[in-house]
Each structure stands twice: as structure tokens, then as C-alpha cells.
Amino acid sequence: MKQSRDRILTTHVGSLPRPESIRALLRARLSGQTVDEAELAARAAEAVAGIVRRQAETRIDVISDGEMGKVSFLGYADQRLAGFVAMTGHDPGVPSTNVGTSWARRIDTRREWQAFREYYGEYLPQAMPPSAPPSVCQGPISYRGQASLQRDLAAFTAALRGVEVEEAFVPAIAPGMVGRDQNRYYATHEEYVFAIAEALKTEYRAIVDAGFILQIDDPGLGETWDMMIPAPSLEEYRRMQAGNIDALNHALSGIPEERVRYHLCWGSWQGPHVHDLGLRDVIDLMLRVKAQAYSVEAATPRHSHEWRVWEDIELPEGKLLIPGVIAHTTAVVEHPETVAERIMNFARLVGRERVIAGADCGFAQGALYQRQHPTVMWAKFEALVQGARLASERLWRS
């Protein structure tokens, strides 16, 4: 993985807004209409080509395919893992966002949402549109997504031809994020999450073998805390998450650490987030992941002070940090000077060569919903690039 040898490199978290050509087909599928899958794949390939060009033109150094071929950063796993089946009725133990969901019931699935019931009662129906019914695990888990995976990788490879960027990455979900509270087959959580990890090995290895950096998406390390009602002790929670990290490392076995980056955030929704854990509560678990780089939410108001954690915690030798220096939770476009200041805070603590400037989270966690309008997102990316340029001038000039 490239380091910031003579300037601060830039990147983001992966998922970007899909064009209407994709969204229209997915809405039709959700409404029960038959969708031409070949047409959907063709539209996704066109979208990948366009999003790759736009990232390169914006001067983002390390880019993704925008996850154009995925229904969401998490939901795509249902299509690629055997053993999960869509529910036909409502299981009260499984959170749902399908058309018939009671939003009052949905709000009760998080302590944060309960605490701000009036706000989330208005926000959630607008921010989370109808989706497919949730799935549950009712049989042995295995990987069945080879065709769709290879289609995505081929489209990204083709789109990169003739495009000048430093590197390219492909996001994939962490085992601990898949099917939380949806196990109806395995005797223990450990058996369940390791079965998911064993299946995801196929996807992880294929991404690396195709020449891409593998990004592991794992917001669950931080934000699952808020989903546990009643709240567990921090010790109990950390013990559970340590097991999930063990499963992830099992899935990463045999893959060189320098081909892996790991993303941690606290959920992408726009809200108070007063129930978030602190980075300090899970940072040692994060650093156990067999990855070279760690992408961490750091620009949102709730966590923007946490750059100071690195005053006390040493980033292990050979590791890189990808702090979020632009936020997905506000439409306000960061001033390049603010971006530069944030970059320099991290560079002074861990070393300029070990910092890659990034975003807090993806700007479109699902194909049918986005956190900011695309015009705002691209303005933020331009500020990211400008801020990295300012920081580079100061860090390498001084």
C-alpha cells in the first residue's frame, strides 16, 4: 500500500451515490417487478466507468468503484452468502426496514433512537427508504457470489484502464457485521461468525488477487454497542467484539497485511450520536486487525476531538492511518484550511508519511439512499484535495 512519501495522499470510504439508471431498476425490483439482470449489470458497469473518471478528475489518489454493483454496503452479502433466507413474516428479533415496518418498533432497536424518539420518528422514514425484507440464517453458510463478484471486479478493472490514480480499493463487509441477531442455525455466536468468515475468505482473496486493495467495512465494532438493549458492560461488549476480530483475522489469513485497510465508524446516519463509544474504548481491538491501514471517522463533531488519542496510543510500526477529515453527516463543505489543519494534527503525531487523508464514511450506504447530494459530495472531495495540498506544502516545506 502506498504511503504519503512526498505529499499527503487522498482517499475516501467507498460507497458513492448511484445514478438514476441503477436506482430505477432497483426500485422496480423492490415493487415486485421483474428486472433484467443483464441490463442492471450493464448499467452498473457504465456507472463504474463514470465514477472512476470523476474521482480521477477530482484528483482523489486512492479510489473505489463506488460500490455501483451493490444494493448496499451491507445488504449485498445476502446475495452472496448461502444459508440466509428472506423472511416471509415479521420476526421481532430481527430489525427490519421493509415497507410494512412500524417505525416506532424500528426506533426501539437502538438506545440512541429511543433517547431521541421524536427526532428519529421524523428522520428515519426519510433517510431509510423501503428495502427488501430482512433475512435470517437457517442453514450452513457458504459463498455463492462468485459470478457477481467477478462481474464487479471486471467492471472496475476495465474502468481503470487509461486512468491515472495511485491505487484502487474494493470494500467488503466484515464477518461481525453480517446478519447481526439473525442466526437461527448455529449453536453459538462464535460458530456463526466463523462460518461467515470462512465464506468471506473467497471474496477477500479474489479482491486482492485481482490487484486491488481490500477494504474491510466494520462499523459494527463501534456502533453495535448502541443496538444492545439493555446495555452490556464495556468488558462484556469488548469480549464479544474481540471474538468478531478473531473471526475477521481468520478470514484474512494468507492475505498480506499491506493489501488490507480497515474502516471503523459509528454508523452513518445523521443524528446526535450521544450514545457512541469513544475511539479509546475500542482502539486496541481495531489495531489487532491484520491490516496495514486503519480508516477512522474523525471529522464528525462527536469524534473530531479524538485525534488526541494518538498522543497516548502509538500507531504500530509499518501501519498507516486514514483519518476522516471531511464529514458525511453535514452538507456544510469543509474549508480547505480546516481540512489541512486536521491532516496536520494527525501528521504531527504519527508522522506525515503515515497519514492518508480520507472521509468519515461512505456518502451512499445503499443504492436507494445517500447521505448528501452528489453535488455536495464532490465539493467536499474538492476541499479534501485542496486541503491535502495545503497540508503537504506545510509539512514538506517546514
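Preceding this section is the structure that the text describes.
Bringing the environment of methionine 68 into the picture now. Position of methionine 68 relative to the elements: it lies in the loop between strand E2 (62-63) and helix H3 (76-80). Look at methionine 68 and you get buried, because its relative accessible area is 3%. Once the C-alpha coordinates of methionine 68 and alanine 155 are considered, the two residues, 87 residues apart in sequence, prove to be 9.8 Å apart. Ignoring sequence-local partners within four residues, the contact set of methionine 68 consists of Leu16, Pro17, Arg18, Pro19, Ile22, Ala44, Ala47, Val48 and Ile51.

This brings us to the environment of histidine 373. As for its placement among the helices and strands, histidine 373 is situated in the loop between strand E10 (356-359) and helix H13 (374-397). For histidine 373, a relative accessible area of 47% translates into the label partly exposed. With 42 residues separating them along the chain, histidine 373 and alanine 331 place their C-alpha atoms 8.1 Å apart. Polar side-chain contacts of histidine 373 include one of 2.8 Å to the side chain of threonine 375.

Next up on the list: the pairing of strand E5 (residues 167-173). Most of E5 sits out of view: seven of its seven residues are buried. The sheet contact formed by E2 and E5 spans two bridges and is parallel. Residue valine 62 lies in a different strand from E5, and its bridge partner there is glutamate 167. The parallel pair E5 and strand E6 (residues 213-217), bridged by helix H8 (residues 189-209), forms a crossover whose chirality is right-handed.

Counted under the stated rule, the structure contains 26 salt bridges. For the salt bridge of lysine 2 with glutamate 166, the shortest nitrogen-to-oxygen distance reads 2.9 Å. You can see lysine 2 sitting in the segment before strand E1 (9-10) and its partner glutamate 166 sitting in the loop between helix H7 (146-160) and E5, a full 164 residues away along the chain. With a relative accessible area of 38%, lysine 2 lands in the partly exposed category. Judged by relative accessible area, which is 30%, glutamate 166 ranks as partly exposed. Notably, a salt bridge pairs glutamate 311 with arginine 308, separated by 2.9 Å at the nearest N-O pair. Residues participating in the shared-partner salt-bridge network are Lys2, Arg7, Asp61 and Glu166.

In this fold, glutamine 372 is placed in the loop between E10 and H13. At a separation of 3.0 Å, a polar atom in the side chain of glutamine 372 contacts the main-chain carbonyl oxygen of histidine 328. A distance of 3.5 Å separates the side chain of glutamine 372 from the backbone oxygen of threonine 330, its partner in a polar contact. For glutamine 372, the residues in contact, after removing those within four places along its chain, are Pro17, Gln270, His328, Thr329, Thr330, Ala331 and Phe363.

What counts as what
Residues numbered from 1 in each chain as written. Predicted model: local features only at pLDDT ≥ 70, side-chain atom pairs only at ≥ 80, totals over all residues. Heavy atoms only, no water. Helix = DSSP H or I, 4+ residues; strand = E, 2+ residues; numbered from the N terminus. Buried < 20%, exposed > 50% of the residue type's maximum accessible area, 1.4 Å probe, protein only. Contact = heavy atoms within 4.5 Å. Polar contact = N/O pair within 3.5 Å; in protein donor to acceptor, adjacent residues only side chain to side chain. Pairing = 2+ DSSP bridges. Right-handed = clockwise from strand over helix to strand, strands pointing away. Salt bridge = Lys/Arg side-chain N within 4 Å of Asp/Glu carboxyl O.

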